[in-house]
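# Per-entry structural report
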Amino acid sequence: MLFDNHGRPLEYLRLAVTDRCNLRCHYCMPEHGLEWLSRSELLRYEEMLRLCRLLVELGIRKIRITGGEPFVRKDLMVFLRELSRLDGLQEIALTTNGVATGAFVPELKALGIRSVNLSLDTLDRERFFQITRRDEQPAVLNTLEQLLRSDFSVKINAVVMDGLNTDDLIPLAEMTRDLPVDVRFIEEMPFNGGDHTTTLRWNHRRILDTLQQQWPGLTALPSSPAATASEYLIPGHRGKVGIIAAWSRTFCGTCNRIRVTPQGMLKTCLYDNGVLNLRDLMREGLDDEALRERLLLAFHSRHKDGWAAENARQNDPVHESMATIGG
Ligand code: SAM
Ligand code: SF4
């Protein structure tokens with residue numbers, strides 16, 4: 001097993017395959033999008049596969065493909081097919097907005113992928129348009145239906161935004177009554193790719209209060225190791241609800257994850273500024289042995305928590321988009 005300098009096992013890689021997206025979520029990027037990376041700046045699939053192989057050899061067991069929107073990158077399925085053949089990798093999961101995902105559901109299943117996180121911040125079509133600046137809610141709901149019909153384990157991610165979708169908390173949580181889904185409410189973080197600052201008005205406690213007022217019998221479930229979500233059961237419901245204190249950072253003590261950004265930067269904490277430029281090292285010709293050493297050095301110099309990682313950025317405040325980080 002792979003451990004960091006604080007004794008935390010590292011088992012989980014979140015790999016962002018692109019920074020591009022077919023939505024423009026208010027909390028993630030400005031209306032005009034981001035300054036997209038050029039093709040040469042992006043990691044190539046073969047570079048990603050090499051990194052995944054090295055990381056799995058070191059102890060990574062699960063890889064989540066994210067972005068940006070993974071399905072806007074050309075030939076994603078070709079890459080996933082290769083990745084699914086990697087010896088020692090126990091699980092591939094995906095995070096997607098669901099706009100273009102529906103058509104790929106059967107093939108994802110055939111590759112052995114079982115778990116998909118789907119972003120959906122509201123059940124109201126107009127509000128979906130307001131939040132994502134695109135009228136794509138029907139496609140997302142269609143993807144959800146297909147995933148459930150194919151027995152995927154589905155988690156719905158909803159970012160809670162003051163003044164935008166707090167009325168949606170109860171209707172979204174209501175989905176768990178009849179559907180076998182986990183609905184997770186995420187604190188809004190300042191990673192919006194723009195210069196607007198985020199003041200957290202809806203933290204995990206306020207979200208929980210709102211759910212408890214509606215369902216006084218809400219029961220906390222024992223937390224699984226390294227989970228970011230606190231999970232709850234609403235009596236009589238099939239699915240679960242969860243709250244992710246992404247801004248309050250209550251889960252750093254058991255964090256088992258690392259990230260690789262679309263341009264190949266290693267992040268050992270969501271809040272750090274990138275600790276190793278893997279793309280440049282690979283393109284300079286570093287061999288596997290040397291790359292492995294550099295990776296281990298980074299894993300053994302990990303910040304204790306997200307606050308320490310953010311402080312170490314000094315005059316470089318957190319403002320990049322989740323799409324360039326690998327949300
Ligand atoms: N495009 C895919 C999607 O939306 O699911 C994958 C990438 S997206 C960056 C991954 C996750 O990050 C989504 O669930 C999204 O809601 C979340 N996210 C993006 N910006 C965020 C922010 N500022 N605060 C909290 N969560 C955010
Ligand atoms: Fe795109 Fe996902 Fe960011 Fe929304 S959260 S703009 S869907 S990358």
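Shown above is the structure to which this text applies.
Residues numbered from 1 in each chain as written. Chains lettered and ligands numbered in written order. Predicted model: local features only at pLDDT ≥ 70, side-chain atom pairs only at ≥ 80, totals over all residues. Heavy atoms only, no water.

It is worth spelling out the packing of aromatic side chains at this point. Enumeration according to the criterion identifies four aromatic pairs in this entry. For the ring pair Phe 71 and Phe 104, a centre distance of 5.2 Å and an interplane angle of 25° mean the geometry is stacked. In this pair, Phe 71 sits in the loop between β2 (62-66) and α2 (76-83) while Phe 104 sits in the loop between β3 (91-96) and α3 (105-110), placing the two residues 33 residues apart along the sequence. For Phe 71, a relative accessible area of 11% puts it in the buried group. The ring of Trp 202 carries Arg 206 above its face, with NZ or CZ at 4.0 Å from the centroid. Over the ring of Trp 307 we find Arg 249, and its NZ or CZ is 3.6 Å from the ring centre. (Phe/Tyr/Trp six-rings, centres within 6.5 Å; stacked < 30°, edge-to-face > 60°. Helix = DSSP H or I, 4+ residues; strand = E, 2+ residues; numbered from the N terminus. Buried < 20%, exposed > 50% of the residue type's maximum accessible area, 1.4 Å probe, protein only. Lys NZ or Arg CZ within 6 Å of the ring centre and 35° of its normal.)

The next point concerns the packing of helix α1 (residues 45-58) against helix α9 (residues 288-299). Contact pair α1 / α9: the axes reach a minimum separation of 11 Å and the direction vectors enclose 65°. Judged by the sense of rotation from one axis to the other, the crossing of α1 with α9 is right-handed. Along the contact surface, α1 presents Arg 50, Leu 51, Arg 53, Leu 54, Leu 55, Glu 57 and Leu 58, while α9 presents Asp 288, Leu 291, Arg 292, Leu 295, Leu 296 and Phe 299. (Axes fitted to C-alpha atoms, helices over the stretch in contact; angles between N-to-C directions. Left-handed = near helix turned anticlockwise from the far one by under 90°. Contact = heavy atoms within 4.5 Å.)

Right, let's get into the site of ligand 1. Of all residues adjacent to ligand 1, which total 19 residues, the nearest are Tyr 27, Gly 68, Ser 119, Met 189 and Met 322. Gly 68 places a polar main-chain atom, nitrogen or oxygen, 3.1 Å from a nitrogen atom of ligand 1. For ligand 1, whose unbound accessible area comes to 540 Å², protein coverage reaches 95%. When residues of the shell around ligand 1 are traced back to their parent elements, those giving at least two are β3, β5 (153-160) and β6 (181-187). Residue classes in the shell around ligand 1 are distributed as seven nonpolar, nine polar and three charged. (Near = heavy atom within 4 Å. Polar contact = N/O pair within 3.5 Å; in protein donor to acceptor, adjacent residues only side chain to side chain. Areas by Shrake-Rupley, 256 points an atom, 1.4 Å probe, with all protein chains shown as cover. Nonpolar A, V, L, I, M, F, W, Y, C, P; charged D, E, K, R; others polar.)

Before going further, it helps to examine the pattern of salt bridges. Under the counting rule described, the total for this entry stands at 26 salt bridges. In this structure, Glu 57 and Arg 292 form a salt bridge, with 3.2 Å as the shortest nitrogen-oxygen distance. Of the two residues, Glu 57 sits in helix α1 while Arg 292 sits in helix α9, which places them 235 residues apart along the sequence. Between Glu 174 and Arg 177 there is a salt bridge, and its shortest N-O distance comes to 2.8 Å. (Salt bridge = Lys/Arg side-chain N within 4 Å of Asp/Glu carboxyl O.)

Take the site of ligand 2 next. Taken together, Cys 21, Leu 23, Cys 25, Tyr 27, Cys 28, Met 29, Gly 68 and Asn 97 make up all the residues around ligand 2. Grouping the amino acids of the shell around ligand 2 by side-chain chemistry returns six nonpolar, two polar and no charged.

Mapped onto the fold, Ser 115 is located in strand β4 (residues 115-119). For Ser 115, the residues in contact, after removing those within four places along its chain, are Arg 64, Glu 91, Ala 93, Leu 94, Phe 152 and Ser 153.

Looking at where Arg 81 falls in the secondary structure, it is placed in helix α2. C-alpha separation for the pair Arg 81 and Gly 112, spaced 31 residues apart in sequence, amounts to 9.8 Å. Excluding its chain neighbours within four sequence positions, the residues that come into contact with Arg 81 are Glu 107 and Leu 111.

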